[in-house]
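# Analysis of the macromolecular model
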Amino acid sequence: MDLKRRRSRSILSFRSSEELEQFIRGCGWTPYFVEGDDPDSMHELMAATMATVVEEIRRIQHNARTNGDTTRPRWPMIVLKSPKGWIRHATPKTPEPPKAA
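Report follows, based on the coordinates. (Residues numbered from 1 in each chain as written. Predicted model: local features only at pLDDT ≥ 70, side-chain atom pairs only at ≥ 80, totals over all residues. Heavy atoms only, no water.)

On a plain count of helices and strands, the chain comes out with four helices and two strands. Ordered by position from N to C terminus, the α and β elements of the chain give α-α-β-α-β-α. The long-range share in the chain, meaning contacts at least 24 apart out of those at least 6 apart in sequence, stands at 64%. Surface exposure of the chain reaches about 8,600 Å², of which carbon and sulfur atoms provide 55%. (Helix = DSSP H or I, 4+ residues; strand = E, 2+ residues; numbered from the N terminus. Contact = heavy atoms within 4.5 Å. Areas by Shrake-Rupley, 256 points an atom, 1.4 Å probe, with all protein chains shown as cover.)

A word on the pairing of strand 1 (residues 29–35). Bridge count between strand 1 and strand 2 (residues 75–81): seven bridges; the pairing is parallel. Its bridge partner being in strand 2, tryptophan 29 is matched across the sheet by tryptophan 75. As for the winding sense of the linkage, the β-α-β connection from strand 1 through helix 3 (residues 39–67) to strand 2 is right-handed. (Pairing = 2+ DSSP bridges. Right-handed = clockwise from strand over helix to strand, strands pointing away.)

The subject of this paragraph is a negative patch on the surface. Together, Asp37, Asp38, Asp40 and Glu44 make up a region of like negative charge exposed at the surface. Within the secondary structure layout, glutamate 44 lies in helix 3. Among the residues examined, glutamate 44 registers a relative accessible area of 58% and is labelled exposed. (Patch = residues over 30% accessible without salt bridge, like charges linked within 9 Å, V, L, I, M, F, W, Y side chains within 5 Å. Salt bridge = Lys/Arg side-chain N within 4 Å of Asp/Glu carboxyl O. Lys, Arg positive; Asp, Glu negative; His and termini not counted. Charge placed at Lys NZ, Arg CZ, Asp CG, Glu CD. Buried < 20%, exposed > 50% of the residue type's maximum accessible area, 1.4 Å probe, protein only.)

Positionally, glutamate 21 belongs in helix 2 (residues 17–26). Between the C-alpha atoms of glutamate 21 and phenylalanine 33, which are twelve residues apart in sequence, the distance is 8.8 Å.

With that settled, the discussion passes to the side chain of threonine 49. Checked against the element boundaries, threonine 49 lands in helix 3. On the basis of relative accessible area, threonine 49 is assigned to the buried category, the value being 8%. From its side chain, threonine 49 meets the backbone oxygen of leucine 45 in a polar contact 2.8 Å long. Apart from residues no more than four positions distant in its own chain, threonine 49 is found in contact with Tyr32, Val34 and Ile78. (Polar contact = N/O pair within 3.5 Å; in protein donor to acceptor, adjacent residues only side chain to side chain.)

Structure follows, in structure tokens:
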């Protein structure tokens, strides 16, 4: 991949949060935003958001299975807004193979 492309911002990052939320809703999703730059608070916020989203998915599935609801649901979508390159620093290094004795 071209190095310049990896460094550039995504098209959606130029949108305000309100405009991005409207776009996602217009596509039929329910957005859940996780925003910040502190790893500890972001971890807690992501965990809480994941719990909310999983519960929402279970509710949609339960409604479809018990009530036979076949209408298209608004599935949840998590939008992560963090500083550029922030995720890369949190990724563990690839383990090295053990050395022969």
